[in-house]
Amino acid sequence: MTTLAYALALAAHATLLELDASGGDLTSLLRLPPDPGLVSLAAEVRRNRGADVLGRNAQMLPAGVAVIAAPARPDRASAVLSALAPALPEVLKEVPAHMPIVADLGRLTGPSREFAALTDRLLVLTRPRMPDLVHLEGLAEAVPDAELILMGRGPYPPGEITAALGLPVTAHVRHDPAARALLEGRRHRTRLTRAAAEIAATLMEPARA
């Protein structure tokens, strides 16, 4: 999920905002220092919610992606997201429409689920296999605007999944063994980046229009 979010941010020239209450992955995957990041953002928005508050708390990667990473420890991530929750809607209202944001909400648990209502489009990544799909039962009632992105192979076609879960399938992305190299900065053109570019072109840009 984090890898696809990174690829989408790369394709859309967006800021990647990690809002995963179960703990962030970006600091370890990208070998980032903990600050600036979500902790510094939560501290600053208590006194300043200007248009550039996200930029001041982001780290710019060599690939051109601005990243605001969450703490890796679940308890710290959940605590900082709870602290950020009251201010985040106002913060996002200050962001210009031409500056897209890709938010990684993780498994939509705890505070992360509250942020789903703030998104223009909510994309849920899952594999088209029963052990993964069973966890999405009831999601259509809880988050009716969610859309599915299928990752890898499985026995269930998109139409059957939509009929069973009541959620549309927006894209089907093939498994990409080179995705790890993307996060490590060793490759920027992979199967996943091509798929992310297609998703960004068909979903994110119209949503911001």
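Residues numbered from 1 in each chain as written. Predicted model: local features only at pLDDT ≥ 70, side-chain atom pairs only at ≥ 80, totals over all residues. Heavy atoms only, no water.

## A short note on the pairing of strand 6 (residues 146–151)
A regular strand carries its side chains on alternate faces of the sheet. Applicable threshold: Only protein chains enter the calculation, and the probe is 1.4 Å; a residue is then buried if its accessible area is under 20% of its type maximum, exposed if over 50%, and partly exposed in between. Each helix is a run of DSSP H or I of at least 4 residues and each strand a run of E of at least 2, with the numbering of both proceeding from the N terminus. Two strands are counted as paired when DSSP detects at least two bridges linking them. By the criterion used throughout, a crossover qualifies as right-handed when its path from the first strand across the helix to the second strand runs clockwise, the strands pointing away from the viewer.
Most of strand 6 sits out of view: 6 of its 6 residues are buried. With burial as the criterion, each face of strand 6 is covered, one bearing Ala-146, Leu-148 and Leu-150 and the other bearing Glu-147, Ile-149 and Met-151. With 5 bridges connecting them, strand 5 (residues 122–126) and strand 6 associate as parallel partners. Bridged to Leu-122 within strand 6 is Ala-146. As judged from the 4 bridges shared by strand 6 and strand 7 (residues 169–173), these two strands associate in the parallel manner. Looking at strand 7, one finds that Leu-150 is bridged to His-172. Taking the sense of rotation as the criterion, the β-α-β connection linking strand 6, helix 10 (residues 158–165) and strand 7 turns out right-handed.

## Describing the sheet that holds strand 3 (residues 66–68)
If you walk across this open sheet you meet the 4 strands as 2-3-1-4, and the pairing is mixed. Each edge of the open sheet carries a strand with a single partner, namely strand 2 (59–60) and strand 4 (101–104). Relative to strand 4, strand 1 (residues 15–18) runs parallel, the two sharing 4 bridges. Looking across to strand 4, one finds that Glu-18 is bridged to Asp-104.

## Focus: the layout of surface pockets
The test is simple: Only protein atoms enter the 1 Å grid, on which a cavity is a set of points fitting a 1.4 Å probe that cannot get out and a pocket is an open set with protein on both sides within 12 Å along at least 5 of 7 lines, lining residues being those with an atom within 4 Å of a point. Grid points are joined across faces, edges and corners, and a volume is the space filled by probe spheres set on the points. The nonpolar class holds Ala, Val, Leu, Ile, Met, Phe, Trp, Tyr, Cys and Pro. Asp, Glu, Lys and Arg form the charged class, and all remaining residues, Gly among them, are polar.
Estimated volume of the second largest pocket: approximately 220 Å³. In this structure, the second largest pocket is lined by 18 residues; those nearest its centre are Ala-14, Thr-15, Ala-66, Met-99 and Pro-100. Tallied by class, the residues present in the lining of the second largest pocket amount to 12 nonpolar, 5 polar and 1 charged.

## Regarding the pattern of salt bridges
Put simply, the rule reads: Note on definitions: salt bridges are taken to be side-chain nitrogens of Lys or Arg within 4 Å of carboxyl oxygens of Asp or Glu.
A full pass over the atoms with the stated rule returns 7 salt bridges. Asp-75 serves as the salt-bridge partner of Arg-73, at 2.6 Å between the closest nitrogen and oxygen. Where Glu-90 meets Lys-93, a salt bridge forms, and the shortest distance between an N and an O atom there is 3.4 Å. With a gap of 3 residues between them, Glu-90 and Lys-93 both fall in helix 6 (residues 88–93), about one helical turn apart.

## Comments concerning the confidence of the model for the protein
Under the convention used in this document: Per-residue confidence from the predictor is reported as pLDDT, a score between 0 and 100.
On average, residues of the protein score 87 in pLDDT, and 91% of them reach the 70 mark or higher. Here helix 11 (residues 179–183) is the element of the protein with the lowest mean pLDDT, 67, and helix 10 is the one with the highest, 96.

## Regarding unusual backbone geometry
In the segment running from Asp-35 into Pro-36, the intervening peptide bond is cis, with an omega of 0 degrees. Positive phi is not limited to glycine here, since His-13 has a value of about 55 degrees. Looking at where His-13 falls in the secondary structure, it is placed in the loop between helix 1 (2–12) and strand 1. Its relative accessible area of 70% is what places His-13 among the exposed residues. Backbone geometry places Leu-108, a non-glycine residue, at a positive phi of 55 degrees.

## Regarding helix 5 (residues 74–84)
So the rule is basically this: As used here, the arc is the angular range of directions from the helix axis to the C-beta atoms. Throughout, a contact is declared for two residues whenever any of their heavy atoms are within 4.5 Å.
Residues Ala-77, Val-80, Leu-81 and Leu-84 constitute the buried set of helix 5. All buried residues of helix 5 fall inside an arc of 100 degrees around its axis, so they share one side. Looking at the buried residues of helix 5, the elements they touch are helix 3 (38–44), helix 6 and helix 7 (111–114).

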